[in-house]
There are 6 protein chains.
Amino acid sequence: MRPSGRQNDDTRAITIQRQFTKHAEGSVLVSFGDTKVICTATIEAGVPRFLRGEDQGWLTAEYSMLPRSTNTRNQREAARGKQGGRTVEIQRLIGRALRAAVDMKKMPNVSITLDCDVIQADGGTRTASISGAYVALADAIAFGMAKGLLKKNPLMHKVAAISVGMVGGVPVLDLDYIEDSKADTDMNIVMTSAGGFVEVQGTAEAEPFTGSQFAEMLKLAEVGCRHIFDVQEAALNS
Amino acid sequence: MRPSGRQNDDTRAITIQRQFTKHAEGSVLVSFGDTKVICTATIEAGVPRFLRGEDQGWLTAEYSMLPRSTNTRNQREAARGKQGGRTVEIQRLIGRALRAAVDMKKMPNVSITLDCDVIQADGGTRTASISGAYVALADAIAFGMAKGLLKKNPLMHKVAAISVGMVGGVPVLDLDYIEDSKADTDMNIVMTSAGGFVEVQGTAEAEPFTGSQFAEMLKLAEVGCRHIFDVQEAALNS
Amino acid sequence: MRPSGRQNDDTRAITIQRQFTKHAEGSVLVSFGDTKVICTATIEAGVPRFLRGEDQGWLTAEYSMLPRSTNTRNQREAARGKQGGRTVEIQRLIGRALRAAVDMKKMPNVSITLDCDVIQADGGTRTASISGAYVALADAIAFGMAKGLLKKNPLMHKVAAISVGMVGGVPVLDLDYIEDSKADTDMNIVMTSAGGFVEVQGTAEAEPFTGSQFAEMLKLAEVGCRHIFDVQEAALNS
Amino acid sequence: MRPSGRQNDDTRAITIQRQFTKHAEGSVLVSFGDTKVICTATIEAGVPRFLRGEDQGWLTAEYSMLPRSTNTRNQREAARGKQGGRTVEIQRLIGRALRAAVDMKKMPNVSITLDCDVIQADGGTRTASISGAYVALADAIAFGMAKGLLKKNPLMHKVAAISVGMVGGVPVLDLDYIEDSKADTDMNIVMTSAGGFVEVQGTAEAEPFTGSQFAEMLKLAEVGCRHIFDVQEAALNS
Amino acid sequence: MRPSGRQNDDTRAITIQRQFTKHAEGSVLVSFGDTKVICTATIEAGVPRFLRGEDQGWLTAEYSMLPRSTNTRNQREAARGKQGGRTVEIQRLIGRALRAAVDMKKMPNVSITLDCDVIQADGGTRTASISGAYVALADAIAFGMAKGLLKKNPLMHKVAAISVGMVGGVPVLDLDYIEDSKADTDMNIVMTSAGGFVEVQGTAEAEPFTGSQFAEMLKLAEVGCRHIFDVQEAALNS
Amino acid sequence: MRPSGRQNDDTRAITIQRQFTKHAEGSVLVSFGDTKVICTATIEAGVPRFLRGEDQGWLTAEYSMLPRSTNTRNQREAARGKQGGRTVEIQRLIGRALRAAVDMKKMPNVSITLDCDVIQADGGTRTASISGAYVALADAIAFGMAKGLLKKNPLMHKVAAISVGMVGGVPVLDLDYIEDSKADTDMNIVMTSAGGFVEVQGTAEAEPFTGSQFAEMLKLAEVGCRHIFDVQEAALNS
């Protein structure tokens, strides 16, 4: 039995609220249970220097946790003067995941920035960030199409992410903080709605995992991502 | 007539929602119209090095704006590697304002950190931060009393802040972004519920102001702060 | 009786020595009693990026204290790798104050930088900096006019600053370090010679202050600034 | 046919030269074809602050590329003043991988630092770093045992890493730079000699990958890691 | 004929004014012609971490130029967030030079910091800094002896520095900025009053120099240093 | 007798291996006994901003030590976020020394960067860096000539560097770490193959040195540099 009383293949309650703040072209509050992240998407003309003259656009992501989004206070990275290693690792993952959702060739001279700011953390902040950022991205792209910044729609398919883990020898879906801290393996998986994996990151915290455990975890992740695609679709249709 | 249709001595709708996030000892979402700030208070044993051996506690504040809390995206300070001058100036003001609410001698070896993170900005983010942070502070102090971290209650009185400005030669209360950008003078005023000013910062953006205009603005600020004290009281009693 | 033996409305001996160093277009040594600051003004063609294409100029200020300008040594900010919060707050104040002295529209594509370096501190370094920087600014503008960098004179009026405080319930003018450390209220006031306040920053260190105390302090500040305008005038005529 | 003429399940020539430099307790030059990395291990008494009082040791890793280890020169991170995101991501991976090789409980109050400095890059620098760092680690632990710094041997099993990728729809082993830049999927896999995966990081650069492709890639990785365990064993026995 | 009209073995007017600022234990204004540097010496109990437990003291130096000490404005290093290479090089030289004046063993648990801040530059700022810092150091040591911080006098002999150069094939003493910028060789030499060189740094800017030119330059430097020892002595006796 | 058994005018075994790594236009491994440095030269079109429009090229150098190139581990400068003072001092020396080998006027719009990375340190890392960097520079210039990036050969003569010191009152050549740590004087000397000194940096660590000791040390350095010119020549001809 899981601490939360959930079945092994249950996600937490996942909700995505659009137009959460008013200035960004896309802005959502995504919740995976008690994990809550504000994801905004900014769309602008121009590309970074290394892409000048290339016939494509760019998409990047930044991630941060409010100092008191966690149980004890973390030093504010802006005050400390640098982003921590975990932050850097996560924001690179978010960027790669969402770049898989768009065709850069269809957004020449356009940049999109996704900001994921965790206001409350309870495990799975990176998967919530990716899943929520997709909806903010879709809104920003719709804005860009409406304003004529984009001539073609660069969105190819949905992207969602979920965590899976081995806890007590059994694969479980969407770990909260309590489960995460005692899992043998912690895996974050990103999928597209067209099918297929775009990113898999698995770490054995205690016992190494086998190929067959791996296969089980992938299947469970697919169940979770299918559910998130439905939540994203519902949010975008509301 | 003001752009918002408000009377000159009207504030915007001011609301304070407690227990906004779950981990901090005090956590509120404060809104001054479309300006929205998450204020959390962290209370901990220990004091910074420069106070070791002194028989008192410490209180400090940090301020930040989410990159897309504003109309165009600001570079993330953590990514840039330093806090901007405006951020530093504001967080020092917040710290001084809230230190006026507590008797440091009554909180030996205890530190309180107030984090004010603006999620949506429409003028008056520093006054909203101070007014909201007071409620988070009160909750954290109650927590500290209940847990025995504090033996005596260091809270002396409420603290609130509001902006006033001269617009078209007339003093107006609680400027939103549109008014702020065309005001001749922009003044931020911090008061205590015991009466009296604890901080006054006035800047003539265009025309210098006179002593009598100053007096008028102080009176208007007092009206605004009285209203905020009521909102704080109601929030703490709910 | 004040520690220095001064009357409540007396400033310290205020002197401004022009051409203190030889390279800058404006260079003064300003003394407010034992507080001594080197203020230089640099005038150059060009404006910062955010003003390109705008038909105006720019003026900015930087402030620093020599490590041993104070009673105990402060860590050198260049060695530490960042400017402290107090430094940032003060240099922003100096910049705003002196921008009130010039009409930016009359100095298209011209930048002026004011450097205020405190070599000896005894209270009131920011007010001495502003009052001295005005003279350096006037010299740099005269240089710019003579060299044809400026077509019109952007200088509108003098700017001076002085501190006032409530000490033992009584308002006093131009506090030195000893008085400053025991004042209930510390206020820094910037005025123009055309009349009117351009910046007021008051902080209640201990007891909050009332509206009528505020009015008294403003009057005292006006006495002080009138005296400084005379000292500036005399320096510029010498 | 692969550009290098290798079979799909062939690694490049993998060699590990011990005692490459003379000061470190463990020092190797590891080559995966033209990718060459100096891995050193430093063993010291003491643990970082966050582990004080815990009855365990610590192991961490740092990674860097010489500016001209690549085809065009990269800015030196020390000169730039910060480590890039890719560097941070890789050194965190190396640290997690090698922590899986040791039982921290058996090395109380002992810290080990693994430095991986790439002197020539041709794809697979992170997998070469992990595979070489294991041998440096084993030498440092032997040194620690001989000197009495360690009472028990904390080494549990070997750790090796290899990359696999989907190129033209076919899984291939140990990609060099040319293959890497045109692969659909790039995956880095870390295994222990006891069997089982400790880290899997797969990214679909172009086409998402399926569960069965994943299974194929894992099998190929196992072939590669078995070979590396033999190379490590031979090096340690020489 | 030199631009200044000086003979080849003439220094500029060298003056050292003690007690230039009031807070530091040693404080001088040193002038080498138009080069003017404020040198302060701070003496304190305590040593840096790397000397704890060693039975000796420490002496270090920091150097800076005010942004407008030069003909065009240099960016302020504190604002830029790091000290430039030239600054670092010079302050290391100053520290080494003055450490040659004291016996560290005679100042256990005492630290001395020398701050050299150039307020006006016209060539030779590092030699002026060293020569002036010696007098500030002597005053700080006298202070430390009087206060009982020092039991024995650690001062061994005077230290002075001067520049020499090859200009048009001829060795000249104490180059000003104009000469410095066209010299073939620029050499900075530090001597003790007991005789002997403690630091020699020579750079051929254009033509390499020969051993015999070297010998000539050393002789000239000795003339200059002898003169500075007299100036230092006179200042300390005044 | 020297610890190494060498004669006073003997260098250690000096070897220079070209084409040490494959990407750089020039790449050598230089050894002065147990001191080993990788020197690479990068040649590129373009010059830094301060040389735009000038009809010349540029050459600069960077220096670093691998964290475990020394007996105890040094903190990695990239992780620490800044280069240390010693590093800055040395890389400025290397840059000045090698600029003496080329005629910048003959390499318009071309930049050369020399990277010296110490993989094993045993005294004399800066002199080994300079001596090795010369060979890497020569290879990069040959590359630039072959590719048409350079129209004329900017190389004027060889540059080499060696250390000399006073140990027990006697001048000795090419000190290793053991000798260096007990030398009275440590001097680094850079010469050109055309004759003449381009850089001399001598520091009296203990006893000041005399003019005649200086002359002796220069003569010894000349012996050492002649030998290095031969080693460089042989390497370039191989």
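Bear in mind that the values here come from a model prediction, so they are computed numbers and not experimental data. (Residues numbered from 1 in each chain as written. Chains lettered and ligands numbered in written order. Predicted model: local features only at pLDDT ≥ 70, side-chain atom pairs only at ≥ 80, totals over all residues. Heavy atoms only, no water.)

Caption draft 1: Seen up close, the overall build of chain A. Looking only at helices and strands, chain A features 5 helices and 9 strands. Listing the helices and strands of chain A from first to last along the sequence gives β-β-β-β-α-α-β-α-β-β-α-β-β-α. Compactness check: chain A gives a C-alpha radius of gyration of 18 Å against a globular reference of 18 Å for 238 residues, within 12% of the reference. Each principal axis of the C-alpha distribution contributes one length, and for chain A these read about 55 × 40 × 35 Å. The 238 residues of chain A split such that 61% are buried. Restricting to contacts in chain A with at least 6 residues of sequence separation, those with at least 24 account for 69%. Distance from the positive charge centre (27 side chains) to the negative charge centre (28 side chains) of chain A: 7 Å. (Helix = DSSP H or I, 4+ residues; strand = E, 2+ residues; numbered from the N terminus. Rg over C-alpha atoms; globule rule 2.2 N^0.38 Å. Buried < 20%, exposed > 50% of the residue type's maximum accessible area, 1.4 Å probe, protein only. Contact = heavy atoms within 4.5 Å. Lys, Arg positive; Asp, Glu negative; His and termini not counted. Charge placed at Lys NZ, Arg CZ, Asp CG, Glu CD.)

Caption draft 2: Expanded view of the relation of the copies chain B and chain A. By a simple turn and slide, chain B fits onto chain A: the slide is 0.0 Å along the axis, the RMSD is 0.0 Å, and the turn is 180°. When the rotation and shift are considered jointly, the pair of chain copies conforms to a two-fold rotation axis. Most of the interface of chain B is mirrored in chain A, where 100% of its interface residues again form contacts. (Least-squares fit on C-alpha atoms with pLDDT ≥ 70 in both.)

Caption draft 3: Representation of the environment of Lys-152 of chain A. Residues and elements named next belong to chain A. Among the structural elements, Lys-152 can be located in the loop between α3 (125-147) and β6 (159-167). Taking the C-alpha atoms as reference, Lys-152 lies 9.9 Å from Asp-103; in sequence the two are 49 residues apart. The residues touching Lys-152, leaving out its near neighbours within four places in the chain, are Lys-106 and Met-145.

Caption draft 4: Seen up close, the layout of surface pockets. In this model, the second largest pocket occupies a volume close to 440 Å³. Taken together, 20 residues make up the lining of the second largest pocket; nearest its centre are Arg-99, Ala-100 and Val-102 of chain A together with Glu-205 and Ala-206 of chain D. Listed by contribution, the elements that provide at least two residues to the lining of the second largest pocket are α2 (85-99) and β9 (197-204) of chain A together with β9 (197-204) of chain D. (1 Å grid on protein atoms, 1.4 Å probe; cavity = no way out; pocket = protein on both sides within 12 Å on 5 of 7 lines; lining within 4 Å. Points joined across faces, edges and corners; volume = space filled by probe spheres on them.)

Caption draft 5: Structural detail: the UniProt feature "domain: Exoribonuclease phosphorolytic" (unreviewed entry) in chain A. If you check UniProt for "domain: Exoribonuclease phosphorolytic" (unreviewed entry), the listed places come out as residues 11-140 and 159-222 of chain A in our numbering. Between the first and last C-alpha atoms of residues 11-140 of chain A the distance is 27 Å; the span itself is 27% helix and 32% strand. (UniProt positions renumbered as here; feature names shortened; annotations may be inferred.)

Caption draft 6: Examining helix α2 (residues 85-99) of chain D more closely. Here α2 of chain D contains 15 residues, and its C-alpha end-to-end distance of 21 Å stays within 8% of the 21 Å for a straight helix at 1.5 Å per residue. Along α2 of chain D, the residues classified as buried are Thr-87, Val-88, Glu-89, Ile-90, Gln-91, Leu-93, Ile-94, Gly-95, Ala-97 and Leu-98 of chain D. (Expected span 1.5 Å × (residues − 1).)

Caption draft 7: The arrangement of unusual backbone geometry in detail. If you check the backbone angles, Asp-174 of chain A has positive phi at about 55° while not being a glycine. In this fold, Asp-174 of chain A is placed in the loop between β7 (170-173) and α4 (177-180). Judged by its relative accessible area of 0%, Asp-174 of chain A is buried. Even without being a glycine, Gln-19 of chain F presents a positive backbone phi close to 50°.

Caption draft 8: Summary view of the sheet that holds strand β6 (residues 159-167) of chain F. Read across the open sheet, the 8 strands follow the order β7(E)-β6(E)-β8(E)-β9(E)-β9(F)-β8(F)-β6(F)-β7(F); overall the sheet is antiparallel. The sheet is open, and its two borders are formed by β7 (170-173) of chain E together with β7 (170-173) of chain F, each paired with just one other strand. Direction aside, neighbouring strands of the sheet carry axes that sit 20° apart on average. Examined bridge by bridge, strand β8 (residues 185-192) of chain E and strand β9 (residues 197-204) of chain E share 7 bridges and lie antiparallel to one another. Within the sheet, the bridge partner assigned to Thr-185 of chain E lies in β9 of chain E and is Ala-204 of chain E. In this fold helix α5 (residues 211-237) of chain F packs onto β9 of chain E together with β6, β7, β8 (185-192) and β9 (197-204) of chain F, with an angle of close to 140° to the strand it touches most, β6 of chain F. (Pairing = 2+ DSSP bridges. Axes fitted to C-alpha atoms, helices over the stretch in contact; angles between N-to-C directions.)

Caption draft 9: Main features of the interface of chain B and chain A. At the interface, 36 residues of chain B touch 36 residues of chain A. Each partner contributes to the roughly 2,900 Å² buried at the junction of chain B and chain A, and carbon and sulfur atoms together form 49% of this total. In terms of surface lost to chain A, no three residues of chain B exceed His-23, Arg-68 and Arg-76 of chain B, which account for 25% of the buried area on that side. Our count for the chain B to chain A interface comes out at 14 salt bridges. In this structure, the salt-bridge partner of Arg-68 of chain A is Glu-25 of chain B, at a minimum N-O distance of 2.7 Å. (Buried area = accessible area lost by both parts, 1.4 Å probe. Salt bridge = Lys/Arg side-chain N within 4 Å of Asp/Glu carboxyl O.)

Caption draft 10: Just the sheet that holds strand β6 (residues 159-167) of chain B, in detail. Taken in spatial order, the 8 strands line up as β7(B)-β6(B)-β8(B)-β9(B)-β9(C)-β8(C)-β6(C)-β7(C) in an open sheet, and their pairing is antiparallel. Each edge of the open sheet carries a strand with a single partner, namely β7 (170-173) of chain B together with β7 (170-173) of chain C. Pairwise comparison of adjacent strand axes, ignoring direction, gives a mean angle of 20° for this sheet. The strands touched by helix α2 (residues 85-99) of chain B are β6, β8 (185-192) and β9 (197-204) of chain B together with β9 (197-204) of chain C; relative to β9 of chain B, the strand with the most contacts, the crossing angle is about 150°.

Caption draft 11: The arrangement of the packing of aromatic side chains in detail. Using the criterion set out here, one finds 26 aromatic pairs over all chains in the structure. Judged by centre distance (6.5 Å) and plane angle (80°), the ring pair of Phe-197 of chain A and Phe-214 of chain D falls under edge-to-face. With Phe-197 of chain A in strand β9 and Phe-214 of chain D in helix α5 (residues 211-237), this pair bridges two chains. The same class applies to Phe-197 of chain A and to Phe-214 of chain D, which are both buried. Ring centres of Phe-209 of chain B and Phe-214 of chain B lie 5.3 Å apart, and the angle between their planes is 50°; on these two criteria the pair is classed as tilted. Of the residues examined, Phe-209 of chain B reaches a relative accessible area of 0% and is grouped as buried. Three or more aromatic residues link up through ring pairs in this structure, and these residues are Phe-197, Phe-209 and Phe-214 of chain A together with Phe-197, Phe-209 and Phe-214 of chain D. (Phe/Tyr/Trp six-rings, centres within 6.5 Å; stacked < 30°, edge-to-face > 60°.)

Caption draft 12: Spotlight on the pairing of β8 of chain F. Residue and element names in this part refer to chain F. For β8, a buried count of 8 out of 8 residues is recorded, marking the element as mostly surrounded by other parts of the structure. Neither face of β8 is exposed, since Thr-185, Met-187, Ile-189 and Met-191 on one face and Asp-186, Asn-188, Val-190 and Thr-192 on the opposite face are all buried. Relative to β8, β6 is paired through 8 bridges, and the arrangement is antiparallel. Bridging across to β8, Val-164 finds its partner in Met-187. Following β8, the chain reverses through 4 residues before pairing antiparallel with β9; Gly-195 in that reversal takes a positive phi of roughly 100°.

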